[in-house]
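# Results of the structural survey
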Amino acid sequence: MSNGAKSAVDMIAGMEKQERILVIDFGSQVSHLICRRVREAGVYCELRSCLLKLDDVTSFHPNGIILSGGPHSVYDKEAPHLSKEIWNHIDEKKLPVFGICYGQQEMCHFLGGKVEPGVKREFGHAELLIREDVAHLSADGTKKIKGRSPIFEGISTERVPVWMSHGDKVTQIPSGFTSIAYTSNTEYAAIEDQTRHFYGVQFHPEVTHTPSGATMIKNFVLKVVGCKGEWNMHDFCQKQIDIIMNKLEDKYVVGAVSGGVDSSVAAALVHKAIGDRFRPFMVDTGLLRKDEAKIVKERLEKHIPGMKLKVLDASGDFYKELSGVMEPEKKRKIIGRLFVEAFEKAVSEMGLPHERCLLLQGTLYPDVIESTSYKGPSSVIKTHHNVGGLPDRMKMEVIEPLRLLFKDEVRALGNELGLPVTSVMRHPFPGPGLGIRIIGEVTKESADTLSLADDIYIEELRKNGHYDKIGQAFAVLLPTVRSVGVMGDHRTYENVCVLRAVTTTDFMTADWYDMPHDVLAKISNRIINEVKGINRVCYDVSSKPPATIEWE
Ligand SMILES: Nc1ncnc2c1ncn2[C@@H]1O[C@H](COP(=O)(O)OP(=O)(O)OP(=O)(O)O)[C@@H](O)[C@H]1O
Ligand SMILES: O=c1[nH]c(=O)c2[nH+]cn([C@@H]3O[C@H](COP(=O)(O)O)[C@@H](O)[C@H]3O)c2[nH]1
Ligand SMILES: NC(=O)CC[C@H](N)C(=O)O
Ligand SMILES: [Mg+2]
């Protein structure tokens, strides 16, 4: 639901004193992973577009800067560059810089080196050879010693597997730089200017295909920049509560809470900050998991003392309006509209002063990155599904307390706030719920059937130790398909249920989960025996792409 614009409540204000790294995005597909690695090193960081202005840099107060990779070639006419003012500021403030791939090329290009189209494009694994004889000043600055660059400290081998993805090549390094590692393809696989604390690598240390990459980024942040690495969820949580408390003074916040990770954590945080001026509500669409509204209400009220979750039963409207509708996009539109109507009804029933009321949104950092990062020529923009349109239509200001966090940081924040594991580690559940898992027309009967099958499936996954290994699992019902079966010597002619389970890191791509046959057998047996109306169970072995995770 993010529009990427600044929220009404600026969640960063008040955090100025903490150490921080600015990651400048030149359009790489994996720039966000640089942020992940920096934060894993215990240092707060943000990703900003390479089109940023000097003011954006000075107001961020970075301790160091990382330049990402990108699809352009630095010598192209339309290639993006950091402005001269920013480079001057870097010089003036003596800010350490780490350039990755395009970032390294950009640094060399600007500082008087040379970048040219390479003879050989390199995509994939390469072997990096670390130089052990780089001249350095000793820690006390008194004598010259020989050893490896601080970027490579703690890496146990001299030959390091790294991931390459480039066509251009640095052919001449700027004065002051020296090579600190090489590959068979380039002398300048890693370079440094010790005096200015400038570093560059041709490969990608941010991806997991470079196993020691996280160490290199950590070394830059802690050893070169000199950060202490003390950013942690406990302090972050406390600071965010203070910020919300101070900014909201006498305001009210209404929040649509689904029981999913994001909305539950956001709700817990805002409740901690403003108590009963936060009014959470949940819409029972009739398309939720089995007993979901009841379970979510009990669970949240138990773990967030004092919170009262209002449940609005709108299931009748959903079944009525979906009756006879087969087409997936039509169903989604109807569901989206009914959600908004239910929200409006819930808010108006609360009778709060409209001008003092904000809407809580569970926007996460990937959504913010998507709308603010630099889009290079070959970048793919993901489609973010959501319930949509609410703040515009309701003309309400929004508060997005999670907009600086990645999903697993949200989970860590949930732990910090005392939410149970069942809340913070649960698989995502889409807003349209069973509505897009009943293929074709949705009825109360099919929703009841599917929720029973889904419940058995999830229960068995938990019992057999598979739930936490899976990114998302659910059952799908095919009410338009009937199959013949035999039960107790009788002919049956009933529905087919499909089980889906995928592993994924970001839900943009996914692999089907290799489920052991004995577990499948148990689940199939239970569903066919316990759920009336289903006589056949199939397992979905399609990956995304070309399939999607949901069926509609
Ligand atoms: N049944 C519901 N009642 C109230 N709000 C809902 C409901 N379903 C979805 N929403 C709202 O829509 C938002 C988007 O849903 P989405 O599924 O993306 O996130 P989530 O449910 O918070 O987390 P998760 O990704 O773990 O499911 C939710 O954060 C919540 O504000
Ligand atoms: O809140 C949501 N509202 C939606 O309309 C919606 N559609 C898909 N999803 C979830 O998005 C992820 C990717 O789904 P697909 O591979 O089916 O596109 C998966 O996690 C899906 O469950 C939704 N979430
Ligand atoms: N991954 C990158 O940053 C690539 C940089 C540049 N486009 C090249 O091909 O060399
Ligand atoms: Mg959800």
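It should be emphasised that the depicted structure is a prediction, and the values quoted were computed from it without experimental measurement.

Turning our eyes to something else, we now look at the overall build of the protein. Along its length, the protein carries 16 helices and 20 strands. Its C-alpha atoms give the protein a radius of gyration of 27 Å, within 12% of the compact-globule value 24 Å for 552 residues. Taking the principal axes of its C-alpha atoms as reference, the protein extends roughly 85 × 60 × 40 Å. Relative to its full complement of 552 residues, the protein shows a buried share of 41%.

As far as domains go, the protein holds domain 1 (20–224), domain 2 (233–424) and domain 3 (437–539). Between domain 2 and domain 3, the C-alpha centre-to-centre distance is 28 Å. Listed by partner, the interface residues are 11 residues for domain 2 and 11 residues for domain 3. Here the side of domain 2 that touches domain 3 is composed, by residue class, of 5 nonpolar, 2 polar and 4 charged.

Residue placement: glycine 362 occurs in the loop between β15 (357–360) and α11 (365–372). Here the alpha-carbon distance between glycine 362 and leucine 402, two residues 40 residues apart in the chain, equals 6.1 Å. Aside from chain neighbours lying at most four places away, what touches glycine 362 is Asp262, Ser263, Ala266 and Leu402.

Taken together, the neighbourhood of ligand 3 is formed by Ser28, Gly69, Gly70, Pro71, His72, Ser73, Cys101, Tyr102, Ser165, His166, Gly167 and Asp168. Element by element, the count of residues in the shell around ligand 3 is highest for strand β8 (residues 159–172), at 4 residues. A breakdown of the residues in the shell around ligand 3 according to their chemical character gives 3 nonpolar, 8 polar and 1 charged.

Burial along strand β11 (residues 198–201) is two-sided: Phe198 and Gly200 and Tyr199 and Val201, pointing in opposite directions, are all buried. With 4 bridges connecting them, strand β10 (residues 190–193) and β11 associate as antiparallel partners. Pairing of alanine 190 across the sheet is with valine 201, part of β11. Counting the residues that bridge the hairpin from β10 to β11 gives 4 residues, and of these histidine 197 lies at a positive phi of roughly 60 degrees.

Among the nonpolar cores identified, the biggest contains 139 residues, and Val23, Val38 and Val265 are the most heavily contacted of them. Sort the elements by how many residues they give to this core and helix α7 (residues 261–274) lands first, with 8 residues. If sequence neighbours within four positions are ignored, valine 23 has contacts with Ser31, Ile34, Cys35, Val38, Cys45, Glu46, Leu47, Ile66 and Ser68.

Glancing now at the environment of alanine 268. Among the structural elements, alanine 268 can be located in helix α7. Note: C-alpha distance between alanine 268 and serine 258 (10 residues apart in sequence) is 13 Å. With sequence-adjacent residues up to four places away left out, alanine 268 is seen in contact with Ile304, Gly414, Leu417 and Leu419.

Attention now moves to the UniProt feature "binding site: ATP" (unreviewed entry) in the protein. Per the UniProt record, "binding site: ATP" (unreviewed entry) is annotated on Ser258, Gly259, Gly260, Val261, Asp262, Ser263 and Ser264. Along the chain, serine 258 falls in the loop between β12 (252–256) and α7. Residue classification places serine 258 among the buried residues on the basis of 23 C-beta atoms within 10 Å. Setting aside anything within four residues of it in sequence, one finds serine 258 in contact with Ser263, Met282, Phe429 and Gly431. Topologically, glycine 259 is positioned in the loop between β12 and α7. Ignoring sequence-local partners within four residues, the contact set of glycine 259 consists of Ser264, Met282, Glu292 and Val296.

Turning next to the sheet that holds strand β9 (residues 178–182). Strand order in the open sheet formed by 9 strands is β2-β1-β3-β4-β11-β10-β9-β5-β8, and the pairing between neighbours is mixed. The open sheet terminates on both sides in strands that have one partner only, identified here as β2 (44–49) and β8. Ignoring strand direction, the axes of neighbouring strands in this sheet form an average angle of 20 degrees. Sheet topology places strand β1 (residues 20–25) next to β2; 6 bridges connect them, and they run parallel. Along β2, the bridge assignment pairs valine 23 with leucine 47.

Spatially, 5 strands are ordered β14-β13-β12-β15-β16 in an open sheet, and the strand pairing comes out parallel. Strands with a single pairing partner mark the edges of an open sheet, and in this sheet they are β14 (310–313) and β16 (397–399). Within this sheet the neighbouring strands show an average axis-to-axis angle of 30 degrees, counted without direction. In the packing of helix α8 (residues 292–303) onto the sheet, the strands contacted are β13 (278–284) and β14, and the crossing angle to β13 comes to about 160 degrees.

The next thing to look at is the pairing of β9. Both strand β5 (residues 114–130) and β9 contribute to a ladder of 2 bridges, which runs antiparallel. Residue pairing in the sheet places leucine 129 in a bridge with tyrosine 182 of β9. Bridge count between β9 and β10: 3 bridges; the pairing is antiparallel. Residue pairing for β10: threonine 178 is matched across the bridge by glutamate 192.

Residue proline 545 is bonded to the preceding lysine 544 through a cis peptide linkage, with omega at -15 degrees. Checked against the element boundaries, proline 545 lands in the segment after β20 (534–539). Note the cis peptide between proline 545 and proline 546, where omega equals 10 degrees. If you trace the backbone, proline 546 turns up in the segment after β20. Phi angles above zero are rare outside glycine, and aspartate 291 is one such case at about 55 degrees. Tracing the chain through its elements places aspartate 291 in the loop between β13 and α8. A residue is classified by how many C-beta atoms lie within 10 Å of it, and aspartate 291, with 11 of them, is exposed.

How each quantity is defined
- Residues numbered from 1 in each chain as written.
- Chains lettered and ligands numbered in written order.
- Predicted model: local features only at pLDDT ≥ 70, side-chain atom pairs only at ≥ 80, totals over all residues.
- Helix = DSSP H or I, 4+ residues; strand = E, 2+ residues; numbered from the N terminus.
- Rg over C-alpha atoms; globule rule 2.2 N^0.38 Å.
- Buried ≥ 20, exposed ≤ 12 C-beta atoms within 10 Å, placed from the backbone.
- Domains from an automatic or database assignment.
- Contact = placed C-beta atoms within 7 Å.
- Nonpolar A, V, L, I, M, F, W, Y, C, P; charged D, E, K, R; others polar.
- Near = placed C-beta within 6 Å.
- Pairing = 2+ DSSP bridges.
- Core = buried A, V, L, I, M, F, W, Y, C linked by C-beta atoms within 7 Å.
- UniProt positions renumbered as here; feature names shortened; annotations may be inferred.
- Axes fitted to C-alpha atoms, helices over the stretch in contact; angles between N-to-C directions.

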